[in-house]
Amino acid sequence: MSIKGKAYIVGAYEHPTRHAPDKSTPQLHAECALGALADAGLTRDDIDGYFCAGDAPGFGALSMADYMGLKLRHMDSTETGGSSYIVHVAHAAEAIAAGRCSIALITLAGRPRSEPFRRSAFGAPSPEADFENPYGGQTSNLYGMCATRHMHEFGTTSEQLAWIKVAASTHAQYNPHAMLPEVVTVEDVLASPIISTPLHRLDCCVVSDGGGALIVAAPEIARGLKRPLVRVLGAGEAPKGPRGGELDLTFSAAAWSGPAAFEAAGVTPGDIKYASIYDSFTITVLMQIEDLGFCRKGEGGRFVADGNLISGVGKLPFNTDGGGLCNNHPANRGGITKVIEAVRQLRGEAHPKVQVPNCDLALATGIGGSLGSRHGAGTVILEREG
Amino acid sequence: MSMAEQPRTPQSQAPQSQARRIPAPQPNPETRPFWDAAREGRLMIGRCAACRRAHYYPRSVCPFCFTEGATLEPASGRGTVYTLSVTYRGTPEPYAIGYVELEEGPRILTNFVGAALESFRIGDAVRVVFTPTEEGAPPVPMFAPA
């Protein structure tokens, strides 16, 4: 069953907060849902499908459906870390195409700046725990190891990685909600402290409270609403891990999710006008650009240099909201903001300084979990209709 | 482990004098023979009786051909550095985490120890050294210059 053209993103909302000490996490989920419903011109009672991931408190979909008073005939709590919400767009489109629901809500929210980390419901010990936890794997070093290997294999440099942050910051200056709106230079990135080699502080995304929500709906519902039509053209998803010791850190699972999405959509990387690329770290962006086929493997460093990702300057405008590197990474998960900015671009509602002219085809892609161990990639391709 | 959701320790709160805690392995029926060998200073890897490929972490069903009855065998304990990252922030003390490629093939997550952290390079020859965890618990394999 193809999902091509079977579902539309009719509502998209990014919570403006980046620090929410006075709110609860379920409250933020509900506020994001309200924002996306208002954007779509729908009400809570229109929703019949709900999607959430590990940031949702308590029993996930069960707790949040009850908190928000949702009456559902379909739910899904697929958990692939920060890429979950990109995967959810695809799963919502599948559920709609299969007739399991007609209006699906996706929410993400969290408060990593305001409260200690809490494990989600997926709490049983993982089989790899005793073989990996003793070594102090942290987000920064599990991505740093990939950068070390990429530099070794392909000659990628810290200067090239820094260009990704420079491009994101160039966009962030126009976003009034961005946590880090100041434009930085390659020299600024290289002068920032090393967090875990070879990654500097400015190679890392922000930590922010907040959230976002999306509403995915059936074609007949989308056509009855007042918002520009953004349809789901294709999607792909894949997990990747150390594979029993046959580990290869030179590519990500986007090498599988990307081609699957392009094939389903019937388009090629060269057709994409705008790309939201998950930027937990600069290296995350570089590897996905290669894996999606925007350039050949190993040439990502040269591809991202010299402003090639800056809207109006380069060939591949990316993360025009400032991305996770500069704008927002709510709940330490950036997938939903990737889809939201792609929707803004397709609607022509990005900031005029970063809006891609005639943006009719966009991609949102993400890596959740840890690039250096096990992670899940999700890619969606979206098209403006009319 | 969903690393993406791990908290970042604010640097101001990171005690500078305290050593990084190494969580003690908690053997289960499937992994106990591996950890019993570790107590005796032997690094074991998994080997499938059907496809003969080596794997790590060891498990009873081969991750490659999905045949039951994979067994443990001693590894030489020698290998080379596949990649690493030296972590300076969010930790009481810097440490080197990375993957070592064992002589037998598997690339395994570990720490590099026994030399200046900045001195390790991809391709360096290393050998296993078992590092204590908690009182009464098994030690874990780390790697030092060969």
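So, here is what we can say about the structure in this document. Keep in mind it's a predicted model, so treat the numbers as computed, not measured. (Residues numbered from 1 in each chain as written. Chains lettered and ligands numbered in written order. Predicted model: local features only at pLDDT ≥ 70, side-chain atom pairs only at ≥ 80, totals over all residues. Heavy atoms only, no water.)

## Notes on a nonpolar patch on the surface
Residues and elements named next belong to chain A.
Here is step 1: Residues Phe 59, Leu 62 and Met 75 make up a contiguous nonpolar surface patch of roughly 340 Å² in combined accessible area.
Here is step 2: Take Leu 62: it is sitting in helix α2 (residues 61-68).
Here is step 3: On the accessibility criterion, Leu 62 (47% relative accessible area) is partly exposed. (Patch = residues over 30% accessible without salt bridge, like charges linked within 9 Å, V, L, I, M, F, W, Y side chains within 5 Å. Areas by Shrake-Rupley, 256 points an atom, 1.4 Å probe, with all protein chains shown as cover. Salt bridge = Lys/Arg side-chain N within 4 Å of Asp/Glu carboxyl O. Helix = DSSP H or I, 4+ residues; strand = E, 2+ residues; numbered from the N terminus. Buried < 20%, exposed > 50% of the residue type's maximum accessible area, 1.4 Å probe, protein only.)

## Comments concerning the layout of surface pockets
All names here are of chain A.
Here is step 1: Space inside the second largest pocket adds up to approximately 360 Å³.
Here is step 2: Along the wall of the second largest pocket there are 23 residues; nearest its centre are Glu 14, His 177, Glu 341, Arg 344 and Glu 349.
Here is step 3: Those elements that provide at least two residues to the lining of the second largest pocket are β1 (8-14) and α13 (335-347).
Here is step 4: By residue number, the principal contributor to the lining of the second largest pocket is α13, which donates four residues.
Here is step 5: Classifying every residue of the lining of the second largest pocket by side-chain character gives eight nonpolar, six polar and nine charged. (1 Å grid on protein atoms, 1.4 Å probe; cavity = no way out; pocket = protein on both sides within 12 Å on 5 of 7 lines; lining within 4 Å. Points joined across faces, edges and corners; volume = space filled by probe spheres on them. Nonpolar A, V, L, I, M, F, W, Y, C, P; charged D, E, K, R; others polar.)

## Looking at unusual backbone geometry
The phi angle of most residues is negative, glycine excepted, and most peptide bonds adopt the trans form.
Here is step 1: In the segment running from Thr197(A) into Pro198(A), the intervening peptide bond is cis, with an omega of -5 degrees.
Here is step 2: Topologically, Pro198(A) is positioned in the loop between β5 (194-196) and β6 (199-200).
Here is step 3: Of the consecutive residues Tyr56(B) and Tyr57(B), the connecting peptide bond is found in the cis state with omega at 0 degrees.
Here is step 4: Of note, Tyr57(B) is situated in the loop between β2 (54-55) and β3 (71-74).
Here is step 5: Despite not being glycine, Arg243(A) has its phi angle at roughly 55 degrees, a positive value.
Here is step 6: Following the sequence through the fold, Arg243(A) ends up in the loop between β8 (229-240) and α9 (254-265).
Here is step 7: For Ala331(A), which is not a glycine, the phi torsion comes out positive at approximately 60 degrees.
Here is step 8: Relative to the assigned elements, Ala331(A) resides in the loop between α12 (323-326) and α13.
Here is step 9: Judged by relative accessible area, Ala331(A) falls into the buried class, the value being 11%.

## Topic: the environment of Thr131(B)
All names here are of chain B.
Here is step 1: Tracing the sequence through the fold places Thr 131 in strand β7 (residues 125-131).
Here is step 2: Owing to a relative accessible area of 18%, Thr 131 belongs among the buried residues under this scheme.
Here is step 3: Counting along the chain gives 62 residues from Thr 131 to Gly 69, while the straight-line C-alpha distance between them is 29 Å.
Here is step 4: Discounting residues that sit within four places of it in the chain, Thr 131 has contacts with Ile 22, Pro 139, Val 140 and Met 142. (Contact = heavy atoms within 4.5 Å.)

## Points about the interface of chain B and chain A
Here is step 1: Across the contact, 52 residues belong to chain B and 49 residues belong to chain A.
Here is step 2: Taking both partners together, chain B and chain A bury about 4,300 Å²; carbon and sulfur atoms supply 53% of that area.
Here is step 3: Across the pair Arg53(B) and Glu246(A) runs a salt bridge, and its minimum N-O distance is 2.9 Å.
Here is step 4: At the junction of chain B with chain A, the criterion picks out 27 residue pairs in polar contact (both at pLDDT 80 or more). (Buried area = accessible area lost by both parts, 1.4 Å probe. Polar contact = N/O pair within 3.5 Å; in protein donor to acceptor, adjacent residues only side chain to side chain.)

## Brief notes about the pattern of salt bridges
All names here are of chain A.
Here is step 1: Within this structure, the stated rule accounts for 30 salt bridges over all chains.
Here is step 2: The partner of Asp 39 in a salt bridge is Arg 227, and the shortest N-O contact between them spans 3.0 Å. Of this pair, Asp 39 sits in helix α1 (residues 25-40) while Arg 227 sits in the loop between α8 (219-223) and β8; the two residues are 188 residues apart in sequence, bridging distant segments of the chain.
Here is step 3: Overall, Arg 227 belongs to the partly exposed group, its relative accessible area being 22%.
Here is step 4: Members of the salt-bridge network, linked through shared partners, are Glu 14, Arg 18, Glu 341 and Arg 344.

## Quick look at the packing of α1(A) against α2(A)
All names here are of chain A.
Here is step 1: It is at 10 Å that the axes of α1 and α2 come closest, and there the two elements cross at 65 degrees. Pair α1 / α2 crosses with right-handed handedness. Across from Pro 26, Gln 27, His 29, Ala 30 and Ala 33 in α1, the residues of α2 making contact are Met 64, Tyr 67 and Met 68.
Here is step 2: The residue makeup of the contact of α1 with α2, split by class, is six nonpolar, two polar and no charged. (Axes fitted to C-alpha atoms, helices over the stretch in contact; angles between N-to-C directions. Left-handed = near helix turned anticlockwise from the far one by under 90°.)

## What about the pairing of strand β11 (residues 375-385) of chain A?
Residue and element names in this part refer to chain A.
Here is step 1: Of all the eleven residues making up β11, eight are buried; the element is thus mostly covered by neighbouring parts of the structure.
Here is step 2: Across eleven bridges, β8 lies against β11 in antiparallel orientation. Bridge pairing links Ala 238 to Ala 377 in β11.
Here is step 3: Where strand β10 (residues 361-369) lies against β11, nine bridges are found, and the strand directions are antiparallel. If you follow Gly 368 over to β11, its bridge partner there is Gly 376.
Here is step 4: What sits between β10 and β11 in their antiparallel hairpin is a turn of five residues. (Pairing = 2+ DSSP bridges.)

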